[in-house]
Amino acid sequence: MTRPLVCKLTTPELHERKKTVLKQMKEAMLEQEEVSDGIKLKFNGSDQILDLLTSFIKTERLCCDFFTLGLIVEDAETGFAWLTLTGPEGTRQFIKNELGF
């Protein structure tokens, strides 16, 4: 069953999220890559960034339950963290429109 591409946050909640968590993520993002069914974002692998990304994942899986979220973390010394957001057809466009990535 395909879930509709709808965010469950209210407009004020979404605006607040864009000003805080999403803004922090955009500022910390090192690279962005489109994949067939979504996007892949690259960050440094610091503990601070991992906390930010896991907080994002916890909220997104509730408000945008059509996402498939993935987090790959390389070694702590030299590695990076990769966050993937994928989903059904239309997900990449939803990410661009609603999340601004």
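The preceding data block contains the structure.
First, a word on scope: everything that follows refers to the structure included in this document. (Residues numbered from 1 in each chain as written. Predicted model: local features only at pLDDT ≥ 70, side-chain atom pairs only at ≥ 80, totals over all residues. Heavy atoms only, no water.)

**Focus: the packing of aromatic side chains**
Stated precisely, the cut-off is as follows: Pairs were defined over the aromatic rings of Phe, Tyr and Trp, the Trp ring being its six-membered one, requiring ring centres within 6.5 Å. Orientation was assigned from the angle between planes: stacked under 30 degrees, edge-to-face over 60, tilted for the rest. Three labels apply to residues, based on accessible area from a 1.4 Å probe with only protein chains included: buried if under 20% of the type maximum, exposed if over 50%, partly exposed otherwise in between. For helices the rule is a DSSP run of H or I covering at least 4 residues; for strands it is a run of E covering at least 2, with both sets numbered from the N terminus onward. Here, a charge over a ring means that NZ of Lys or CZ of Arg falls within 6 Å of the ring centre while also lying within 35 degrees of the ring normal.
A full pass over the atoms with the stated rule returns 3 aromatic pairs. Relative to Phe67, the ring of Phe66 has its centre 4.7 Å away and its plane inclined at 50°; by these criteria the two rings are tilted. Phe67 gets classed as buried once you look at its relative accessible area, which sits at 9%. Taking 6.1 Å as the distance between ring centres and 70° as the angle between the ring planes, the aromatic pair formed by Phe67 and Phe94 counts as edge-to-face. Here Phe67, found in the loop between helix H3 (47–63) and strand E3 (68–73), pairs with Phe94, found in helix H4 (residues 91–99); they are 27 residues apart in sequence, far enough to count as distant. In this pair, the class of Phe67 matches that of Phe94, namely buried. Over the face of the ring belonging to Phe80 we find Lys42, whose NZ or CZ atom lies 4.0 Å from the ring centre.

**Describing the pairing of strand E4 (residues 80–86)**
Stated precisely, the cut-off is as follows: Note on pairing: two strands pair once DSSP finds at least 2 bridges between them.
Counting buried positions along E4 gives 5 out of 7 residues, so the element sits mostly inside the fold. As paired strands, strand E2 (residues 38–44) and E4 are joined by 7 bridges and run antiparallel to one another. For Lys40, the partnering residue across the bridge sits in E4 and is Thr84. Alignment of E3 against E4, held across 6 bridges, turns out to be antiparallel. The residue of E4 that forms the bridge with Ile72 is Trp82.

**Focus: the packing of helix H2 (residues 21–28) against H3**
What describes two packed helices is the angle between their axes and the distance between those same axes. Selection criterion: Axis definition: a line fit to C-alpha positions, over the contact stretch in the case of helices; interaxial angles, taken between N-to-C directions, run 0 to 180 degrees. Throughout this description, any angle smaller than 35 degrees is read as roughly parallel, any larger than 145 degrees as roughly antiparallel, any in the 65 to 115 degree range as roughly perpendicular, and the remainder as oblique. Crossing handedness is read from the near helix: turned anticlockwise from the far helix by less than a right angle, it gives a left-handed crossing, and turned clockwise, a right-handed one. For this analysis, residues touch if any pair of their heavy atoms sits within 4.5 Å. When residues are grouped by polarity, Ala, Val, Leu, Ile, Met, Phe, Trp, Tyr, Cys and Pro land in nonpolar, Asp, Glu, Lys and Arg in charged, and all others, Gly among them, in polar.
Between H2 and H3, whose axes approach to 11 Å, the crossing angle comes to 135°. Put simply, H2 runs oblique to H3. Both H2 and H3 take part in a crossing whose hand is left-handed. Touching Val21, Leu22, Gln24, Met25 and Ala28 of H2 are Ile49, Leu52, Leu53 and Phe56, all from H3. Considering only residue class, the contact of H2 with H3 consists of 8 nonpolar, 1 polar and no charged.

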